Amino acid sequence: MPVLSKQKLREHLKNRSFEPVYTLYGSEAFQRDIAAKALVDMAFGEGDLRDFNEDVFSLNEPTSLKAALAAADQLPMMAARRVIRMTDVRVAATAQKDTLKEEFENDLAAYLDDPSPQTVLLFIADELNGNRKLSKLLKSKTAAVEFLHLEGEELSDWVARTASEW
């Protein structure tokens, strides 16, 4: 799956057409976190019971990935879909700083090959080193959106769009 542009992500939200797995990463954490919140909010419809269908797991806990993947395979309860957020995702230049450990690569790859159609699984990456195998796996098997620091015209457009929403 190719890397999505931020504009394409906005279209997904506007049309309420969701991929089963997203990876949001990049140096612009503010926009990345806004996009994550919007994805979660838009994934639920009016009347959906979010309390039973939304889970957040931090990869700072060693067993979180397996628990998150198990939750992602559960059917939604009184809602159209489940939303699972994985936070604190780091695949650094060296394995010592990783929170997404290589030992879970097979479990992750198996889920990404056959993701649950009733779940939106969201990886929110603080660091995603492009040279590492797990980073390449997330970028190739998920709808990955990179958030870089805004500059020039893109920054002006964002400020104007944000100001108009106030």
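It should be emphasised that the depicted structure is a prediction, and the values quoted were computed from it without experimental measurement.

1. Thoughts on the pattern of salt bridges
Pairing between side chains of opposite charge can happen when their charged atoms approach one another. This model, assessed by the stated rule, comprises 14 salt bridges. In this structure, Arg-32 and Asp-126 form a salt bridge, with 3.5 Å as the shortest nitrogen-oxygen distance. Of this pair, Arg-32 sits in helix 2 (residues 29–43) while Asp-126 is found in strand 4 (residues 119–128), placing the two residues 94 residues apart along the sequence. For Glu-54, the salt bridge is made with Arg-50, and the minimal N-O distance between the two is 3.1 Å. Counted as one network, the salt bridges with shared partners bring together Lys-37, Asp-41, Arg-50, Glu-54 and Arg-85.

2. Here we look at the pairing of strand 4
Remember that side chains alternate between the two faces of the sheet whenever the strand is regular. With eight of its 10 residues buried, strand 4 lies for the most part within the structure. With four bridges joining them, strand 1 (residues 21–25) and strand 4 adopt parallel strand pairing. Bridging from a neighbouring strand, Tyr-22 pairs with Leu-122 of strand 4. Note: strand 3 (residues 82–91) against strand 4, eight bridges, orientation parallel. By the bridge assignment, Met-86 is partnered in strand 4 with Phe-123. With helix 5 (residues 105–113) bridging strand 3 and its parallel neighbour strand 4, the resulting β-α-β unit is right-handed.

Quick notes on the rules
Residues numbered from 1 in each chain as written. Predicted model: local features only at pLDDT ≥ 70, side-chain atom pairs only at ≥ 80, totals over all residues. Heavy atoms only, no water. Salt bridge = Lys/Arg side-chain N within 4 Å of Asp/Glu carboxyl O. Helix = DSSP H or I, 4+ residues; strand = E, 2+ residues; numbered from the N terminus. Buried < 20%, exposed > 50% of the residue type's maximum accessible area, 1.4 Å probe, protein only. Pairing = 2+ DSSP bridges. Right-handed = clockwise from strand over helix to strand, strands pointing away.

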